[in-house]
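Below, each chain spelled out in residue letters.
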Amino acid sequence: LLIIWFPRRKTTTPFEWRWSIPFIGIVLTIADLAYFFALSYDTSLVSVVSLVRRSSVIVSFTLAAYLFKENNIKEKAIFLAGIIIGLVFLLIGS
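Keep in mind it's a predicted model, so treat the numbers as computed, not measured. (Residues numbered from 1 in each chain as written. Predicted model: local features only at pLDDT ≥ 70, side-chain atom pairs only at ≥ 80, totals over all residues. Heavy atoms only, no water.)

### Focus: the overall build of the protein
Helix and strand counts for the protein come out as four helices and zero strands. Helices and strands appear in the protein in the N-to-C order α-α-α-α. The C-alpha radius of gyration computed for the protein amounts to 18 Å, which surpasses the reference 12 Å derived for 94 residues by more than 25%, pointing to a less compact arrangement than a globule. Considering the protein as a whole, with its 94 residues, one finds that 9% of them fall into the buried category. Long-range contacts, defined as pairs at least 24 residues apart, comprise 34% of the intrachain contacts of the protein with a sequence gap of at least 6. For the protein, the distance from the average position of its 9 positive side-chain charges to the average position of its 5 negative side-chain charges is 10 Å. (Helix = DSSP H or I, 4+ residues; strand = E, 2+ residues; numbered from the N terminus. Rg over C-alpha atoms; globule rule 2.2 N^0.38 Å. Buried < 20%, exposed > 50% of the residue type's maximum accessible area, 1.4 Å probe, protein only. Contact = heavy atoms within 4.5 Å. Lys, Arg positive; Asp, Glu negative; His and termini not counted. Charge placed at Lys NZ, Arg CZ, Asp CG, Glu CD.)

And the structure:
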């Protein structure tokens, strides 16, 4: 970050403050707390909890595609397919 972006930040992508930045951090912290709280139970299955956590990327991808008119949907869908294949393997393995 300091070597590549910072020296050329004014010509490439200048930083723009948005209130969504701390909001995203707070939401991610709450999600991690919920994840670790779910894992603290003795009867919780790690593979099932992990599957639920990883599948949230599908919701994020869908909302970004439809609400925000995200670019490069086809390229990102390829990576999403890889994640879904990993989720299927987790489901089969558990």
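Anyway, onward from the coordinates.
### Looking at the packing of helix H2 (residues 46-54) against helix H4 (residues 73-93)
Running from amino to carboxyl end, H2 crosses H4 at an angle of 160°, the nearest separation of the two axes being 10 Å. Between H2 and H4, the interaxial angle falls into the category roughly antiparallel. As for the relative orientation of H2 and H4, their crossing is left-handed in sense. Here Ser50, Leu51 and Arg54 of H2 come into contact with H4, specifically with Ile83, Leu87, Leu90 and Leu91. (Axes fitted to C-alpha atoms, helices over the stretch in contact; angles between N-to-C directions. Parallel < 35°, antiparallel > 145°, perpendicular 65-115°, else oblique. Left-handed = near helix turned anticlockwise from the far one by under 90°.)

### Examining the confidence of the model for the protein
Confidence in the prediction of the protein, expressed as mean pLDDT, is 83, and 99% of residues score 70 or more. Looking over the protein, one finds the lowest element-wise mean pLDDT in H2, namely 76, and the highest in helix H1 (residues 20-39), namely 88. (pLDDT = per-residue confidence, 0-100.)

### Focus on a nonpolar patch on the surface
Taken together, Ile58, Ile84, Ile85, Val88, Phe89 and Ile92 make up a surface patch of nonpolar side chains, about 560 Å² in accessible area. Ranked by residue count, the leading element in the nonpolar patch is H4, at five residues. Under the relative-accessibility criterion, Ile58 is labelled partly exposed at 31%. (Patch = residues over 30% accessible without salt bridge, like charges linked within 9 Å, V, L, I, M, F, W, Y side chains within 5 Å. Areas by Shrake-Rupley, 256 points an atom, 1.4 Å probe, with all protein chains shown as cover. Salt bridge = Lys/Arg side-chain N within 4 Å of Asp/Glu carboxyl O.)

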